[in-house]
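Coordinate analysis (summary)
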Amino acid sequence: MAANNSGSEPRIPEDVTLEDEAEAEAKGKAPAASSSATTTMNRSGSRPQLDLSGAAIHGTLEDRNPTILLPNQSDDISHLALDIGGSLIKLVYFSRHADQPTEDKRKLSTKRRLEIFTGARRSYPVLGGRLHFVKFETGKLNECLDFISSKQLHRGGVDSPSWRSGAQPDNIVIKATGGGAFKYADLFKERLGVSLEKEDEMDCLVAGANFLLKAIRHEAFTHMDGQKEYVQIDQNDLFPYLLVNVGSGVSIIKVDGHGKFQRVSGTNVGGGTYWGLGRLMTECKSFDELLELSQRGDNSTIDMLVGDIYGGLDYSKIGLSASTIASSFGKTISDNKELSDYRPEDISLSLLRMISYNIGQISYLNALRYGLKRIFFGGFFIRGHAYTMDTISFAVHFWSKGEAKAMFLRHEGFLGALGAFMSYEKHGLDDLSAHHLVERFPMGAPYVGGKIHGPPLGDLNEKISWMEKFVQKGTQITAPVPMGAPATTGMGGFERPTSKGDILRSDASAALNVGVLHLVPSLDVFPLLEDPKTYEPNTIDLDHDEFKYWFTILSDHLPDLVEKAVASEGGTDDAKRRGDAFAHAFSAHLARLTEEPAAYGKFGLANLLELREECLREFQFFDAYVSIKQRENEASLAVLPDLLMELDSMDEEDRLLALIEGVLAANIFDWGSKACVDLYNQGTIIEIYRMSRKKMQRPWRIDDFDTFKSRMLKKDQPYKRALISVDNAGADVVLGMLPLAREFLRRGVEVVLVANSLPALNDITANELPEIVAEAAKHCGILRKAAEAGGLIVDAMAGIQGDTKDEPASVPLMVVMQLILEGMGRSLHTNLNARFKCDALKLAMVKNQRLAEKLFNGNIYDCICKFEPVS
Ligand SMILES: CC(C)(COP(=O)(O)O)[C@@H](O)C(=O)NCCC(=O)O
Ligand SMILES: [Mn+2]
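The structure displayed is predicted, hence computed values, not measured ones.

This paragraph deals with the overall build of the chain. What the chain contains, in helices and strands, is 29 helices and 28 strands. For the chain, the proportion of contacts with a sequence separation of at least 24, taken over those separated by at least 6, is 74%. As displayed, the chain offers around 35700 Å² of accessible surface, 50% of which is attributable to carbon and sulfur atoms.

If you want it as structure tokens, here you go:
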């Protein structure tokens, strides 16, 4: 591990974990003899309640949004919990969104809460925030204390009222579990003035596992023969299961429900055994060093294999192949050799396999004892290490004859800390489901994987410097990101990554990254999905080959994106620095994911595109295409009146066709497509639009237009409402989607326009849409009347979802809905195979050759008009 947190070396950025010479988990416990005691926990499950007592309106009654003070409502929620093990300290902490000035935030949150409380139409995030996962070496406890102190986590975070007022609240209590909660209680009191409230370790493990399995969509995965596969857990069919926590020792727990569990067994042969024996038998100085050695080991020099006994043959009668281990370390008895004659690599692998296999076998026996089919393995012994997981899986599979399944958890090491966090009352997280949480991976994630945290980075400037230093240091540091020369601050001078980043991290294990969980309690499942449980937005799985392709596409696009981003911030030197840092950060993510596509959990193309936007925002580029969008909006609005006149002169059937052609033609304006960007350099938007319209030859690659038209013309069954999800700014929305929306309005259909809440490439956002509609309405009575009547509802997705929340689960019969999805992002990369409870129309021009071939056996610029009526 080369990252060094001292002196002038780059420090580890916030929200990134970096593991140094971590030792095996040694929780300071007696050997885990089998014990069985049923425990039932009582945990408060309530969401934070509004305390309205003493509420008073500040400001005048005429004020549309007066501030309402709730003097008895505490904004403070529990922020920090710890699991202090023998070698690692795990922290879970919550921070509120830091995207508004603190004062405003408090005011706003009260307002927002009241809107929710009073059932106001818009629903905004309530108690939105982030859940962070961080770990430190217990041996460097001071670093952990500094971290807590610098972020004021023990006082509710730097944005808490007590921190702002400078008051030191008395009796701060922090929940903690693990042996260190006892051992270091005095130190915490002395250094931070806080008391540690000890929580039972088993309670915490179970609460943590239950939370993860319930709230995180792709938390659990199987690992067989090197293949990782994420498992979708059915919430109604989670219990009972077996939880095996592999720390220094091993606890085996039968979990029957929330707070209902029994520690049914355990074994004293665990992570501590591997590390202890390994340390004695090799010269390894750390657990990870030992684990890394095993990567290059060959256990057949030490273990006695079935083939050794049977002269190279399988013992197939009882299902044992020649390479099955008959006796761990068995070969060393017959060899006339000393310890020094064996390679440390081979010793490490034999030890690892012996212990992992034993854990798998004992776990299976316990699963058998209670008739359980699912076994989840957690604890820091696993460390996302392929061999460990494969060996455990093999044992479970072999002995259960495929009946039981071994599964692993991405947050394997944080079960206890999460459980301690859950034990606070009133933090409101108990009720969260997977759709309330969005996991994000900050810029440092690819550099340091699932490793130990260093001091936090203070501000953006520190982040940029950190990135610059990393680049300058090149291969000397853990993360020689495959970049061009450093300081490529010239616009567009950024070189695309050249290597695939197989040297991003020093450790050989495929440690999984744990991101920051963003809590957005107002998010809800789209109510018109046919089967929300099985909904998978991504059309194509990003496996290694697919990822390689997108790596090239997105890397090629980077210089253009950086140029636009820098220009959107005035092209200043500061913007150029940020642009470079962004490009390096995003390239590092790409390199990390190319090396290990599952490093960030199940990651589809939509996640990858979103990661790019997040990365831009991280370096404070809030709308890279802002001027392009404005320019294209203006040019399109100028020709809109002529287009509307032309459409109005047509009969109904021709008009419908012209409208759909118009949508498909205008979808060519996509600044995320390399081919299209090359086109824009050759002509004005109006020229390209005309050319695109002219090329609209039917039949399109998928052409359901005739069915759609017949449905639209059915006078006895008119649609009541159309939900139209719009894509790009400029011609796309102005000349394509607005005329289509207008057609629905003219037919008396209520229209809901759905747009992004945040910028992404040149997509129109919900904030920008009203102005465009207002401008278009100047030339069109239908749009004007609808806008005035409020029939043309413009809102972000969150608002739409809030809107439909109060409706019964199934759509009321009198509402005949139509959902229109437009663009590659919304209807090809995602949702192409999604089925809805209402009629759905998916419209897009395919602006990528490979995608056209892969999905439709077609060609770039093919058009898709896919109509899926429910009956
Ligand atoms: C980023 C996009 C999904 C946006 O497409 P849209 O939804 O705007 O139609 C699309 O531009 C894309 O897939 N681009 C990468 C492919 C390429 O450059 O060929
Ligand atoms: Mn778009």
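With 14 residues, helix 18 (residues 605-618) extends 20 Å between its outermost C-alpha atoms, agreeing within 8% with the 20 Å of an ideal straight helix rising 1.5 Å per residue. Taken together, the buried positions of helix 18 are L605, L608, L611, R612, E613, C615, L616, R617 and E618. Downstream of helix 18 by a residue or two, Q620 has a phi angle that is positive, lying close to 60°.

Moving on to the coordination of the manganese ion (ligand 2). Around the manganese ion (ligand 2), the donor atoms from the protein are D727 (OD), N728 (OD1) and D763 (OD), and they sit 2.0 to 2.1 Å away. The sequence pattern describing where the donors of the manganese ion (ligand 2) fall on their chain is D-N-x34-D. Placement of N728 in the loop between strand 23 (721-725) and helix 24 (731-746) and of D763 in the loop between strand 24 (750-755) and helix 25 (769-777) is noted, with a sequence separation of 35 residues between them. The buried category is assigned to D763, whose relative accessible area is 10%.

Moving on: the packing of aromatic side chains. On inspection of all chains with the given rule, the structure shows 28 aromatic pairs. Seen in terms of ring centroids, F239 and Y241 are 5.9 Å apart; in terms of plane orientation they differ by 20°. Their pairing is stacked. Relative to Y680, the ring of F669 lies with its centre 5.9 Å away and its plane at 20°, an arrangement referred to as stacked. Here F669, found in the loop between helix 20 (652-666) and helix 21 (674-680), pairs with Y680, found in helix 21; they are eleven residues apart in sequence, far enough to count as distant. Across the pair, Y680 and F669 agree in class, each one buried. Taken together, the ring pairs in this structure connect F221, Y230, F377 and F408 into an aromatic cluster. The side chain of K228 reaches across the aromatic face of F221, ending 5.7 Å from its centre. Its end group placed over the ring of W700, R698 keeps NZ or CZ at 5.3 Å from the ring centre.

Let us now look at the environment of E610. Looking at the element boundaries, E610 is found in helix 18. Distance in space between the C-alpha atoms of E610 and F421 is 29 Å, their sequence separation being 189 residues. Contact partners of E610, with chain neighbours within four places excluded, come to R440 and R617. Side-chain polar atoms of E610 contact the side chain of R440, separated by 3.1 Å. A polar contact is formed between the side chain of E610 and the side chain of R617, at a distance of 3.1 Å.

This brings us to the sheet that holds strand 5 (residues 80-84). Strand order in the open sheet formed by seven strands is 9-8-5-6-7-21-19, and the pairing between neighbours is mixed. The sheet is open, and its two borders are formed by strand 9 (194-198) and strand 19 (437-440), each paired with just one other strand. Pairs of neighbouring strands in the sheet enclose a mean axial angle of 25°, with direction left out of account. As paired strands, strand 8 (residues 172-177) and strand 9 are joined by five bridges and run parallel to one another.

Here we come to the pairing of strand 5. With five of five residues buried, strand 5 lies mostly within the body of the structure. Sheet topology places strand 5 next to strand 6 (residues 88-96); five bridges connect them, and they run antiparallel. Looking across to strand 6, one finds that L80 is bridged to Y93. The antiparallel pairing of strand 5 with strand 6 creates a hairpin that spans three residues between the two strands. Relative to strand 8, strand 5 runs parallel, the two sharing three bridges. Considered in strand 8, the bridge of L82 is made with A176.

Taken together, 17 residues lie around ligand 1, and D670, G825, H829, K847 and N848 are the ones closest in. One of the side-chain nitrogen or oxygen atoms of N848 is found 2.7 Å away from an oxygen atom of ligand 1. Of all the secondary-structure elements, those providing two or more residues to the shell around ligand 1 are helix 16 (544-568) and helix 28 (824-829). When residues in the shell around ligand 1 are grouped by element, the largest group, three residues, is from helix 28. Partitioned by chemical class, the residues of the shell around ligand 1 number five nonpolar, eight polar and four charged.

All right, on to the environment of A207 then. Tracing the backbone through its elements, the reader meets A207 in helix 6 (residues 201-215). Taking relative accessible area as the criterion, A207 reaches 10% and is therefore assigned buried. In the structure, A207 is positioned 640 residues away from K847 in sequence and 47 Å away in space, judged by C-alpha atoms.

Let's shift gears to the pattern of salt bridges. Across all of its chains, the model carries 49 salt bridges by this definition. When the shortest N-O distance is used, the salt bridge between E439 and R410 registers 2.3 Å. Placement of the pair is E439 in strand 19 and R410 in the loop between strand 18 (405-409) and helix 13 (415-422), with a sequence separation of 29 residues. Relative accessible area serves as the criterion here: at 4%, R410 is assigned to the buried category. Across the pair E595 and R592 runs a salt bridge whose closest N-O atoms are separated by 2.5 Å. Taken together, the residues span about one helical turn, with E595 and R592 both in helix 17 (residues 573-595) at a distance of three residues. Residues joined by salt bridges that share partners form a network here, namely D648, E652, R655, K715, R742, E743, R746 and R747.

Glancing now at the nonpolar core. Among the nonpolar cores identified, the biggest contains 107 residues, and F582, L608, I660, I724 and F744 are the most heavily contacted of them. By residue number, the principal contributor to this core is helix 24, which donates ten residues. Counting 66 residues, the second-largest nonpolar core is a separate cluster that includes L131, V206, A209 and A215.

Right, let's get into helix 20. For helix 20, built from 15 residues, the straight-helix expectation of 21 Å at 1.5 Å per residue is met to within 8% by its first-to-last C-alpha distance of 21 Å. Of all 15 residues making up helix 20, eleven are buried, and the element is well covered by its neighbours. Buried within helix 20 we find R655, L656, A658, L659, I660, E661, G662, V663, L664, A665 and A666.

Further remarks concern the confidence of the model for the chain. Residues of the chain with pLDDT of at least 70 account for 76%, and the chain-wide mean is 80. Confidence drops under a pLDDT of 50 for residues 475-510, and excluding neighbours within four residues, the segment shows 97 contacts in the predicted structure.

This paragraph deals with the pairing of strand 23. Across the five residues of strand 23, five count as buried, placing the element largely inside the fold. Here strand 23 shows a buried face lined by R721, L723 and S725 and a second buried face lined by A722 and I724. Where the polypeptide runs from strand 23 across helix 24 and back to strand 24, its parallel neighbour, the crossover connection is right-handed. In the sheet, strand 23 pairs with strand 26 (residues 817-822) via five bridges, with the strands oriented parallel. Its bridge partner lying in strand 26, I724 is registered against I820.

Before going further, it helps to examine the packing of helix 16 against helix 18. Interhelical geometry of helix 16 versus helix 18 gives an angle of 25° and a closest axis separation of 12 Å. Regarding the angle of helix 16 to helix 18, the classification is roughly parallel. At the point where helix 16 passes helix 18, the crossing takes the right-handed sense. In this structure, helix 16 contributes F547, W550, L554, H557, L561 and A565 to the contact, and helix 18 contributes L605, L608, L609, R612 and L616. For the contact of helix 16 with helix 18, the per-class residue count stands at nine nonpolar, one polar and one charged.

Procedures and definitions
- Residue positions are given per chain, counted from 1 along the sequence in the order it is written.
- Going through the entries in the order they are written, you letter the chains from A and number the ligands from 1.
- The model is predicted, so local features are restricted to residues of pLDDT at least 70 and side-chain atom pairs to those at 80 or more, both for listing and for counting; the totals for chains, interfaces and linings are taken over all residues.
- Values shown for side chains rest on all heavy atoms present in the structure; no hydrogens or waters enter the calculation.
- A run of DSSP states H or I qualifies as a helix once it reaches four residues; a run of E qualifies as a strand once it reaches two. Both are numbered from the N-terminal end.
- The contact criterion used throughout is that any non-hydrogen atoms of two residues lie within 4.5 Å.
- Using a 1.4 Å probe, the Shrake-Rupley method yields the accessible areas, and only the shown protein chains count as cover for residues.
- Here the expected span of a helix is defined as 1.5 Å times the quantity of residues minus one.
- Three exposure classes are used, based on accessible area relative to the maximum for each residue type with a 1.4 Å probe and protein chains only: buried under 20%, partly exposed in between, and exposed over 50%.
- The rule for donors is simple: an N, O or S atom within 2.8 Å of the metal counts, and for Na, K and Ca the reach is 3.2 Å. Water is not among the atoms, so a site may look short of donors.
- A pair of aromatic rings is counted whenever rings of Phe, Tyr or Trp (Trp by its six-membered ring) have centres within 6.5 Å, and the orientation is called stacked for planes under 30 degrees apart, edge-to-face for over 60 and tilted otherwise.
- Counted as over-ring charges are cases with an Arg CZ or a Lys NZ within 6 Å of the ring centre that also lie within 35 degrees of the ring normal.
- By the criterion applied in these results, polar contacts are pairs of N or O atoms within 3.5 Å in which, for protein atoms, one can donate a hydrogen and the other can accept it, and in which residues neighboring in sequence qualify only through two side-chain atoms.
- Two strands qualify as a pair provided that DSSP identifies no fewer than 2 bridges between them.
- In this analysis, axes come from line fits to C-alpha atoms, helices being fitted only over the stretch in contact, and the angle between any two N-to-C directions falls in the range 0 to 180 degrees.
- When at least one non-hydrogen atom of a residue lies within 4 Å of a molecule or strand, that residue is treated as near it.
- In the scheme used here, Gly and all other residues not listed as nonpolar or charged are polar, with Ala, Val, Leu, Ile, Met, Phe, Trp, Tyr, Cys and Pro taken as nonpolar and Asp, Glu, Lys and Arg as charged.
- Throughout this description, the term salt bridge denotes a Lys or Arg side-chain nitrogen within 4 Å of a carboxyl oxygen of Asp or Glu.
- Take the buried Ala, Val, Leu, Ile, Met, Phe, Trp, Tyr and Cys residues and link them wherever side-chain atoms come within 4.5 Å; each set so joined is a nonpolar core.
- A residue's pLDDT is the predictor's confidence in that residue, given on a scale from 0 to 100.
- Seen with its strands pointing away from the viewer, a crossover is right-handed if its path from the first strand over the helix to the second goes clockwise.
- Roughly parallel refers to an angle under 35 degrees, roughly antiparallel to one over 145, roughly perpendicular to one between 65 and 115, and oblique to any angle outside these ranges.
- Two helices that cross are described as forming a left-handed crossing if the nearer one is turned anticlockwise from the farther one by less than a right angle, and a right-handed crossing if clockwise.

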